[in-house]
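Each chain is listed here by its residues.
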Amino acid sequence: MTIAEVSRKMDISADTLRYYERIGLIPPVKRSKSGIRDYSEKDLGWISFAKCMRSAGISIEALIEYVALFQQGDDTITTRKQILIDQRDELEKKIKEMQGTLAYLNTKLEHYEDMLVPKERKLAEE
């Protein structure tokens with residue numbers, strides 16, 4: 001699959017795909033004899049993984065480290081698992097913070113409703 005096809009299928013720009021490969025966020029993609037990237041299903045799996053992790057706020061550095069360790073083989077399983085555990089813990093912390101922020105915003109909105117409804121009733125009566 002070409003970079004243009006992957007870009008459309010995965011909803012990610014070709015520039016981002018090249019960048020992810022260049023920095024080691026995804027493993028190197030095999031190329032055709034003419035040097036054109038030829039993405040496999042395995043590559044699509046890595047792209048999906050990277051997109052998912054990035055959308056969750058996982059750092060590029062942690063993902064690069066994870067991919068590098070993966071390429072070293074099974075001796076790094078424990079370390080890779082720990083990276084994922086650490087990132088999950090950070091994500092859970094962020095989610096809790098965001099839930100707190102959401103609750104605060106909801107309280108503020110309720111306050112506005114409490115202020116607006118009486119004013120709207122008064123206007124309706126006039």
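Residues numbered from 1 in each chain as written. Predicted model: local features only at pLDDT ≥ 70, side-chain atom pairs only at ≥ 80, totals over all residues. Heavy atoms only, no water.

(A) Just the overall build of the protein chain, in detail. A tally of regular secondary structure across the protein chain gives five helices and zero strands. Relative to a compact globule of 126 residues, whose C-alpha radius of gyration would be 14 Å, the protein chain shows 23 Å and is clearly more extended. Principal axes of the C-alpha set define a box for the protein chain whose edges measure 80 × 35 × 20 Å. In the protein chain, which comprises 126 residues, the share counted as buried stands at 25%. When contacts within the protein chain are restricted to residue pairs at least 6 apart in sequence, long-range pairs at least 24 apart make up 46% of them. (Helix = DSSP H or I, 4+ residues; strand = E, 2+ residues; numbered from the N terminus. Rg over C-alpha atoms; globule rule 2.2 N^0.38 Å. Buried < 20%, exposed > 50% of the residue type's maximum accessible area, 1.4 Å probe, protein only. Contact = heavy atoms within 4.5 Å.)

(B) Broad picture of helix H4 (residues 60–72). Taking 1.5 Å per residue as the helical rise, H4 with its 13 residues ought to reach 18 Å, and the 19 Å between its terminal C-alpha atoms agrees with that figure. For H4, every residue scored as buried is listed here: Ile60, Ala62, Leu63, Tyr66, Val67 and Leu69. Packed against the buried residues of H4 are helix H2 (14–23), helix H3 (41–55) and helix H5 (77–125). (Expected span 1.5 Å × (residues − 1).)

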